[in-house]
Amino acid sequence: MPYVRSRDGHSLFVRVVGRGEPCLLVHGFASDSRSWLPFVAPFTRRHSFVIPDLRGFGRSHEAPLGRTCPLTQFAEDLEDTLAALAIPSLPVIGISMGAFTTVQSFRLFGGERFSRYLHIDQGPVIHNRADYAFGMLGAAQARFFTRLRSLLADLDAHLHLPWAELPRALQREFWALLADFAAAAFSTRPLAAVVGALTRQERFMRSMLKVERWQSYINIVRAYLELDYDLRDGFRAIDVPLTVLIGGSSRMYPPAGQRTIATLAPHAVIREIPRAGHMIPYEAPRAFLRELDLFLADTATSGLP
């Protein structure tokens, strides 16, 4: 069953690999299910991994975002995927936007389908504010959001156009902004520079993003900018074992903000990888595989049906 049907009638791709106890994996922005494959490969003899492409991404790119809040739509899609696969309960791992989606799922649906949760490098609040100074990009947020607002304003008049008909200047600014954002996901300057340079190469990025649905990406970015996401109540709703894995050098979500999750979910176990940035699996693969092994080992003894 490579595709499942969402509640609004669209086809969503779901990749299932391995055998044994199931585990759900939720990818981040500008990614898809393929990003998890190198890391789960060592565990596929004792676990099966359910890895959906969130709508707008990968092989689910044709499914449009019909809701103002993409996190809500993604959370509904996860519910529909697990229902279609007849999986009543399983552990879940989310990274970045996938982690935010999972917290939204706990907030909306109570987390009844999830037996435990590994939350990877995602703060609880997007915007810096008086009571929270650790939003996305930390101190660099204001400058980046100003650029983002300017780009969205310029794109508003062209939302009806296919990507190929967008003015080249807007295409270049789109890739440049995405490149700077992607580079911020890495803590080491050489790696950040390489990632930034690759993201500016449209031919490379078009292998990752289906620009035919470029409006979906804009809708997600707009939601982060305008909906003022604060999911602290979502963390309070998590009543299953929770591990919070923090990149100790994350520039995307300041570690100090992520540590506040322990005050929202006192049962949470906070684990920090000191020299890793936001994309922990890529910057600290050995440490990440150890953490993944620990999480899956706990899963194997948790009494799942």
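This one's a predicted model, so the numbers in the text were calculated from it and none came from an experiment.

Overview of a nonpolar patch on the surface
Together, Val-194, Leu-198 and Phe-204 make up an exposed nonpolar region whose accessible area comes to about 240 Å². By secondary structure assignment, the location of Leu-198 is in helix α6 (residues 189-199).

Digging into empty space enclosed by the protein
Under the criterion given, the structure shown has 1 cavity of 30 Å³ or more. Of the volumes computed, that of the largest cavity is approximately 50 Å³. Every residue along the wall of the largest cavity is listed here: Leu-12, Phe-13, Pro-52, Asp-53, Leu-54, Arg-55, Asp-77, Leu-78 and Thr-81. Of all the elements, helix α2 (residues 70-84) adds the most residues to the lining of the largest cavity, at 3 residues. The residue makeup of the lining of the largest cavity, split by class, is 5 nonpolar, 1 polar and 3 charged.

Structural notes on the layout of surface pockets
Of the voids in this model, the largest pocket is the one considered here, and its volume is about 1,000 Å³. In terms of lining, the largest pocket is formed by 46 residues, of which the most central are Phe-29, Ala-30, Ser-31, Ala-182 and Met-279. Looking at the lining of the largest pocket, the elements with two or more residues in it are α4 (141-155), α5 (168-183), α6, α7 (202-205), α8 (214-226) and α12 (280-283). Among the elements that take part in the lining of the largest pocket, α8 stands out by supplying 6 residues, more than any other. When the residues that make up the lining of the largest pocket are grouped by side-chain class, the tally is 36 nonpolar, 8 polar and 2 charged. Considering only enclosed or pocket space, the second largest pocket measures out at about 170 Å³ in volume. Forming the walls of the second largest pocket are Leu-137, Ala-140, Arg-143, Phe-144, Arg-147, Asp-180, Phe-181 and Ala-184. Only α4 and α5 provide two or more residues apiece to the lining of the second largest pocket. When residues of the lining of the second largest pocket are assigned to their parent elements, the largest contribution, 3 residues, is made by α4.

Details of the sheet that holds strand β4 (residues 47-52)
Reading across from one edge, β1-β2-β4-β3-β5-β6-β7-β8 is the order of the 8 strands in this open sheet, with mixed pairing throughout. Of all the strands in the sheet, just β1 (3-5) and β8 (269-273) have a single pairing partner and so form its edges. For this sheet, the mean angle separating the axes of adjacent strands, direction not counted, is 25 degrees. Across 4 bridges, the pairing between strand β3 (residues 21-26) and β4 is parallel. Looking at the pairing, Cys-23 lines up with Phe-49 of β4.

Rules behind the numbers
Residues numbered from 1 in each chain as written. Predicted model: local features only at pLDDT ≥ 70, side-chain atom pairs only at ≥ 80, totals over all residues. Heavy atoms only, no water. Patch = residues over 30% accessible without salt bridge, like charges linked within 9 Å, V, L, I, M, F, W, Y side chains within 5 Å. Areas by Shrake-Rupley, 256 points an atom, 1.4 Å probe, with all protein chains shown as cover. Salt bridge = Lys/Arg side-chain N within 4 Å of Asp/Glu carboxyl O. Helix = DSSP H or I, 4+ residues; strand = E, 2+ residues; numbered from the N terminus. 1 Å grid on protein atoms, 1.4 Å probe; cavity = no way out; pocket = protein on both sides within 12 Å on 5 of 7 lines; lining within 4 Å. Points joined across faces, edges and corners; volume = space filled by probe spheres on them. Nonpolar A, V, L, I, M, F, W, Y, C, P; charged D, E, K, R; others polar. Pairing = 2+ DSSP bridges. Axes fitted to C-alpha atoms, helices over the stretch in contact; angles between N-to-C directions.

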